[in-house]
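# Understanding the architecture of this molecule
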Amino acid sequence: MATYTLPELPYDYAALEPVINPQIVELHHDKHHAAYVKGANDTLEQLEEARDKGTWGAINGLQKNLAFHLSGHILHSIYWHNMTGDGGGEPLAADGVGDLADAITESFGSFAGFKSQLTKAAATTQGSGWGVLAYEPVSGRLIVEQVYDHQGNVGQGSVPVLVFDAWEHAFYLQYKNQKVDFIEAMWAVVNWQDVAKRYAAAKERADVLLLAP
């Protein structure tokens, strides 16, 4: 039985128009995300075979493949729920996400400062990758990270709560080579309710990261 499975979309293919057209959502989910799921499962099988046979010549490549495919699966699973056709704007206490709004202001000085940093981080990620808002449990603050090729400038133990996909397959059919335009448009579909839920859950789990005294 496969360890990982492709999750269903929480909406139909057309739900994110006009920011993301239905063709992109369908291909992105059904083909690209599915490929990461298959890649993670295939790599686990190859690692099992290596253990059984005691053949470790390919261990470096297998470990890198596992990280690549597993990160792709996890980040995409967050990505779909981070968006909604009724989203956008900024998190406000009036919408029940005041704790998230306060944390963003405390960590970045203002929502505008946070938005600018995440936009630039996503748009300037070298090659293919992601811009990520993450909860960092050591300091208890929010930080922006860059993920390139699903592996990158990530603090160990940090928990992604909002992810912007900056791989070309996420936007090229609609935005061509204008990655910045796509990232800017993404703010109109951010599901702050989902981001706030992930932030609250990450804070509750902060003590699972054991640090040396």
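Residues numbered from 1 in each chain as written. Predicted model: local features only at pLDDT ≥ 70, side-chain atom pairs only at ≥ 80, totals over all residues. Heavy atoms only, no water.

### Considering helix α7 (residues 192–204)
Look at α7: 18 Å from first C-alpha to last across 13 residues, which is about the 18 Å you get at 1.5 Å a residue. Contacts made by the buried residues of α7 are with α2 (59–81), α3 (98–108), α4 (111–123), β1 (129–136), β2 (141–148) and β4 (159–165). (Helix = DSSP H or I, 4+ residues; strand = E, 2+ residues; numbered from the N terminus. Expected span 1.5 Å × (residues − 1). Contact = heavy atoms within 4.5 Å.)

### Details of the UniProt feature "domain: Manganese/iron superoxide dismutase N-terminal" (unreviewed entry) in the protein
On the UniProt side, "domain: Manganese/iron superoxide dismutase N-terminal" (unreviewed entry) is annotated at positions that read residues 3–84 here. Across residues 3–84, the secondary structure splits into 67% helix and 0% strand, with the terminal C-alpha atoms separated by 28 Å. (UniProt positions renumbered as here; feature names shortened; annotations may be inferred.)

### Quick notes on the pairing of β2
Where β1 meets β2, eight bridges bridge the pair, whose relative direction is antiparallel. Bridge assignment links G129 to a residue of β2, and that residue is Y148. Between the antiparallel neighbours β1 and β2 lie four residues, among them G140 with a positive phi of about 75°. Alignment of β2 against strand β3 (residues 151–153), held across three bridges, turns out to be antiparallel. Bridge pairing in β3 places V147 opposite G152. Where β2 hands over to β3, the hairpin turn is made up of two residues, of which D149 adopts a positive phi near 50°. (Pairing = 2+ DSSP bridges.)

### Side note on the side chain of H76
Residue position: H76 is located in helix α2. Here the side chain of H76 touches D165 through a polar contact of 3.2 Å, side chain to side chain. For H76, the contacting residues outside a window of four places in its chain are H28, H33, Y36, W130, H150, D165 and H169. (Polar contact = N/O pair within 3.5 Å; in protein donor to acceptor, adjacent residues only side chain to side chain.)

### Topic: the packing of aromatic side chains
Enumeration over the complete set of coordinates arrives at 14 aromatic pairs. Ring pairing ties together the aromatic residues F108, F111, F114, F164, W187 and W192, which thus form one cluster. (Phe/Tyr/Trp six-rings, centres within 6.5 Å; stacked < 30°, edge-to-face > 60°.)

### Structural notes on the UniProt feature "domain: Manganese/iron superoxide dismutase C-terminal" (unreviewed entry) in the protein
As recorded in UniProt, the sites labelled "domain: Manganese/iron superoxide dismutase C-terminal" (unreviewed entry) are residues 98–198. Counted over residues 98–198, helix gives 43% and strand 26%. Its end C-alpha atoms are 14 Å apart.

### Observations regarding the pattern of salt bridges
What the rule picks out here adds up to four salt bridges. The closest approach of N and O atoms between K197 and D194, which form a salt bridge, is 3.9 Å. With K197 and D194 both in helix α7 and three residues apart, this pair spans about one turn of that helix. A salt bridge links D194 to R198; the nearest nitrogen and oxygen atoms lie 2.8 Å apart. With D194 and R198 both in helix α7, this residue pair falls four residues apart, about one helical turn. (Salt bridge = Lys/Arg side-chain N within 4 Å of Asp/Glu carboxyl O.)

### Concerning unusual backbone geometry
A cis geometry characterises the amide bond from E17 onward to P18, with omega recorded as 0°. Take P18: it is sitting in the segment before α1 (22–53). Although it is not a glycine, D149 adopts a positive phi angle of roughly 50°. In this model, H150 sits at a positive phi of 70°, which is unusual for a non-glycine residue. Topologically, H150 is positioned in the loop between β2 and β3.

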